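# Coordinate analysis (summary)
Take a look at the letters that make up each chain.
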Amino acid sequence: MNFSKKIIPVLLLFAALFYGYTVKKPGGNVDWRIAGGSKQSNHYSALKQINTHNVKQLQQVWEYHSNDADLQGSSQIQCNPIIVNGVLYGTTPHLRLVALDAATGEQKWMFNPELYLAGRMSYGVNNNRGVTYWEAGNDKRILYCAGSNLYEVNALTGEPEKDFGNGGWIDLHDNLELKNKNWYVGATSPGIMYKDIYILGSRVNESAEAAPGSVRAFDVRTGKLRWIFHTIPHPGEAGYNTWPDKDAWMHLGAANSWGGMSLDEQRGMLFMPTGSISPDFWGGKRKGKDLFANCVIALDAATGKMKWYYQVVHHDLWDRDPPTTPVLVTVTRNGHKIDAVSQATKFGYLYVLNRVTGKPIFPIHETPVPTENALPGEEVWPTQPIPTLPQPYARQTFSENDINPYISAESKAELLGRIKTYRYGQLFFVPGKQTAVAVPGFEGGAEWGGSGFDPQTGILYINANEIPYISTMTEARRRPAGEENFAAAGARLFARNCISCHGQDRKGSGSYPSLIDIEKKYTSAQILDLLENGRRMMPPFKQLSTQDREAIVAYITSDQTAGAQKYIADKTPDDPYLEIPYQQAGFKKFETLEGLPAISPPWGTLNAINLSTGKIMWKVPLGEEKSLMDKGLPITGTQNFGGPVVTAGGLIFIAATKDEKIRAFDKRTGKELWEAKLPFAGYATPSTYQVNGRQYLVVACGGGKLNSKSGDAYVAFALPK
């Protein structure tokens, strides 16, 4: 018997099952049936039909349009589509679920949640980054979130599964300990399946009025709650005694797992990151370490019981919550292979932890950080856990020597003048009224696109942003004892609810639009609807009274007639946990007069990190700034959203950049081998799969971020037949 011939097919089958792919006979299909490529979230494909030798021959083979882009509202598609048995499942700008023939792009069906919950659903309140597939025999289902609802749809017909929840859907407000039933609860990242349990995190507000970020598991057939894990521990639960305020769990919110989850199915272990406790930037009402916020947490997937946790930021004052799914990896240390979990962060550190115990693979030191000049009521935690390795994949400081060299003398002089009044040079600066420079910015470092891991080589690939932001704290406006008109009340309510995104000057920044002249784009009635129902990254403000929303509209539209109306004060006493004395004045990029980043390039990078040594193997700019390329300047990289895919064919595929391109890089060297122009920017992670023996690459092209035009497309590429 030829033993090697017998064993190879077995090993190939094991590898396919291990990495989450479906293998069929040669010339058949290879799926991408889980968002992120596998339950390990490693963005890896064993396909190699497309490789370093032929990738230049890639050509577009189909393009699908859903025809529901919102050009005025800057809609997006952030979905990493899944492909199961030759069918692609993804979402559209209006969060409709579509099934496409993965070989042709032809639509099989579309599920429109608006048709099933007319008048109840705020379909555009959030983005969607993926859907989840489940099957048992001929029972095949898709689960995904739109607005504040979780839907379950028949994967073959696109019809709601009537035996699930309330006839095919579940309101995510249910089974939460909500102080206010109108507080926003949604989900951007897809949940994950463990046997017949669907496990889901959430997206909530980042203001004081935030719902709890509890993680829940549902029965996939009925929608009944199987377990719940409180990320802010309740009395008697692990971590509760670490809180100085024993009533905090009843009043505080967030610590939500919004970045996605991974699963070690063999061990039955779920891995998830958690966000910050709300509100961001001032923590006087949440003193202590804030467990279990800003953590990587391992749970028993069957019961929701915690196995271990590791907190990457203590008492977060910088919105530095882990933004993406933990990646399950295997590293080699001292000749031994260790199963581990890798967590990327917004601030450029990678935390690599033993998968079973949660102990760091590389030394991590509790390092003193600045605590002086804190705002009244704040207690800054005196240390932060700083990894010795892996090496940071993004810059973490700024000085006068780092100023953008591609600007005018006038712009540089203006920038130097501003810098004299700023604080800079500290990763963990103390938030205060004096402006501080945040490097990396509040949108990474790493972002929600995540990273790719090659199990063949032990190399992790991650794209990063290196654009600084500025942070300024302002005093919140309190409700006066005397009378107010709508204009004054609107200004106060705007400062409390809207300033962190749209800025003190209402000009917006980063991913948040300007509100200047908003009355020229929308009627007052349309703005009221936006405030009540939300749209995409803007949550609804249903917790505000109709009068409060009308006052905000009068203020931002400068409507003098409406602003002169008398405001009738609510006599309900203010909740002291919701009265925050200081707030961030907006998510503002640190930019030059030309609108370029104040820091020198690169502004976006793609990085290769050897997880066994912790060393960066290579780093290359990602994306082109057209205004500078037209002048013959080098590639600078751009801000980017959406992650990479790594393949056995020696390639990394990534879109993510605002220049509306998708690229292929040699995974060994970082050399760019191929690029193609997309109809709209692809702020999403691509997928690769095989149908009838042909390998495809597909990416969602929704645009909408970074001032790029909104789109409604999925675009697929393959080698010529």
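With that settled, consider the overall build of the protein. For the protein, the helix and strand inventory stands at nine helices and 43 strands. Taking 2.2 N^0.38 as the reference for a compact globule, 721 residues should give roughly 27 Å; the C-alpha atoms of the protein span a radius of gyration of 25 Å, in line with that estimate. Once the C-alpha set of the protein is aligned to its principal axes, its extents read approximately 90 × 60 × 50 Å. For the protein, with 721 residues in total, the buried portion stands at 63%. When contacts within the protein are restricted to residue pairs at least 6 apart in sequence, those whose partners lie at least 24 apart make up 64%.

As a further point, take the pattern of salt bridges. Scanning all chains against the criterion turns up 39 salt bridges. For Asp454, the salt bridge goes to Lys667, with nearest N and O atoms at 2.5 Å. With Asp454 in strand β27 (residues 451–454) and Lys667 in the loop between β39 (661–666) and β40 (672–677), the pair connects residues that are 213 residues apart, well separated along the chain. Taking the relative accessible area as the measure of exposure, Asp454 reaches 0% and is therefore buried.

Bringing the packing of helix α4 (residues 486–497) against helix α7 (residues 546–556) into the picture now. To describe two helices that pack against each other, one gives the angle between their axes and the distance between the axes. Where α4 meets α7, the closest approach of the two axes is 7 Å, and the angle between their N-to-C directions is 95 degrees. It follows that α4 is roughly perpendicular to α7 by the angle criterion. Of α7, the residues touching α4 (which contributes Phe486, Ala487, Ala489, Gly490, Ala491, Leu493 and Phe494) are Gln547, Asp548, Glu550, Ala551, Ile552, Ala554, Tyr555 and Ile556.

In total, this model carries 28 aromatic pairs according to the counting rule given. Aromatic side chains Phe229 and Phe292 sit 6.4 Å apart centroid to centroid with 45 degrees between the ring planes, which places their arrangement in the tilted category. Taken together, the residues span a long stretch of sequence, with Phe229 in strand β16 (residues 225–229) and Phe292 in the loop between β18 (269–273) and β19 (295–300) at a distance of 63 residues. Among the residues examined, Phe229 registers a relative accessible area of 9% and is labelled buried. Against the face of Phe641 rests Lys705, its NZ or CZ located 4.2 Å from the ring centre.

All right, on to the sheet that holds strand β29 (residues 469–471) then. Spatially, the three strands line up as an open sheet ordered β26-β29-β34, and their pairing is antiparallel. Strands at the two margins of the open sheet, each flanked by one partner only, are β26 (436–438) and β34 (588–589). Here β26 runs beside β29; their pairing, made up of three bridges, is antiparallel. The residue of β29 that forms the bridge with Val437 is Ile470.

Moving on, we get to α7. Counting buried positions along α7 gives eight out of 11 residues, so the element sits mostly inside the fold. Turning to α7, its buried residues number three or more, namely Gln547, Asp548, Arg549, Ala551, Ile552, Val553, Ala554 and Ile556. Looking at the residues trailing α7, positive phi occurs at Ser558, about 55 degrees.

This part covers the nonpolar core. In terms of nonpolar packing, the biggest core is built from 73 residues, with Leu150, Leu200, Trp308, Phe398 and Phe590 touching the most fellow members. Element by element, the count of residues in this core is highest for β26, at three residues. Not counting the four nearest positions on each side in its chain, Leu200 is found in contact with Cys145, Leu150, Leu172, Ala187, Ser189, Pro190, Gly191, Val215, Arg216, Phe218 and Met261.

Moving on to α4. An α-helical turn contains 3.6 residues, so a residue and the one three or four places further along point in the same direction. Taking 1.5 Å of rise per residue, 12 residues should cover 16 Å, and α4 covers 16 Å from first to last C-alpha, within 8% of that figure. Along α4, nine of the 12 residues are buried, which leaves the element largely enclosed by surrounding structure. Considered for burial, the residues of α4 that qualify are Phe486, Ala489, Gly490, Ala491, Arg492, Leu493, Phe494, Ala495 and Asn497.

Moving on to the sheet that holds strand β22 (residues 336–344). The strand order across the open sheet built from three strands is β21-β22-β23, with neighbouring strands paired in antiparallel fashion. In this open sheet, the two edge strands, each paired with only one partner strand, are β21 (327–333) and β23 (350–354). Ignoring strand direction, the axes of neighbouring strands in this sheet form an average angle of 40 degrees. Of the strand pairs in this sheet, β22 and β23 are connected by five bridges, and their pairing is antiparallel. Residue pairing for β23: Gln343 is matched across the bridge by Tyr351.

As judged from the five bridges shared by strand β7 (residues 132–136) and strand β8 (residues 139–146), these two strands associate in the antiparallel manner. Note that in β8 the partner of Tyr133 across the bridge is Ile142. Two successive antiparallel strands, β7 and β8, enclose a turn made up of two residues, where Gly137 displays a positive phi of approximately 65 degrees.

Moving on, we get to the pairing of strand β13 (residues 197–200). Judged by which residues are buried, β13 turns out to be covered on both faces: Ile197 and Ile199 on one side and Tyr198 and Leu200 on the other are all buried. Pairing between strand β12 (residues 192–194) and β13: three bridges, direction antiparallel. Across the sheet, residue Ile192 finds its bridge partner in β13, namely Ile199. Counted between consecutive antiparallel strands, the loop separating β12 from β13 contains two residues, among which Lys195 sits at a positive phi close to 55 degrees. Two elements, β13 and strand β15 (residues 215–219), share four bridges in a ladder whose sense is antiparallel.

A few words on unusual backbone geometry. A cis amide bond links Val439 to the next residue, Pro440, at an omega of -5 degrees. Within the secondary structure, Pro440 sits in the loop between β26 and β27. The amide bond that connects Pro601 to the next residue, Pro602, takes the cis arrangement and shows omega of 5 degrees. Mapped onto the elements, Pro602 comes out in the loop between β34 and β35 (604–610). Even without being a glycine, Ala255 presents a positive backbone phi close to 55 degrees. With respect to the helices, strands and loops of the structure, Ala255 is situated in the loop between α2 (248–251) and β17 (262–264). The phi dihedral of His315 is positive, around 45 degrees, even though this residue is not glycine. Relative to the helices and strands, His315 is located in the loop between β20 (306–311) and β21.

The next point concerns the confidence of the model for the protein. For the protein, mean pLDDT is 91; residues scoring 70 or higher make up 93% of the total. Counting interchain partners and residues more than four positions distant, the pLDDT-below-50 stretch residues 1–26 has 26 contacts.

Reading the values: the criteria
Residues numbered from 1 in each chain as written. Predicted model: local features only at pLDDT ≥ 70, side-chain atom pairs only at ≥ 80, totals over all residues. Heavy atoms only, no water. Helix = DSSP H or I, 4+ residues; strand = E, 2+ residues; numbered from the N terminus. Rg over C-alpha atoms; globule rule 2.2 N^0.38 Å. Buried < 20%, exposed > 50% of the residue type's maximum accessible area, 1.4 Å probe, protein only. Contact = heavy atoms within 4.5 Å. Salt bridge = Lys/Arg side-chain N within 4 Å of Asp/Glu carboxyl O. Axes fitted to C-alpha atoms, helices over the stretch in contact; angles between N-to-C directions. Parallel < 35°, antiparallel > 145°, perpendicular 65-115°, else oblique. Phe/Tyr/Trp six-rings, centres within 6.5 Å; stacked < 30°, edge-to-face > 60°. Lys NZ or Arg CZ within 6 Å of the ring centre and 35° of its normal. Pairing = 2+ DSSP bridges. Core = buried A, V, L, I, M, F, W, Y, C linked by side-chain atoms within 4.5 Å. Expected span 1.5 Å × (residues − 1). pLDDT = per-residue confidence, 0-100.

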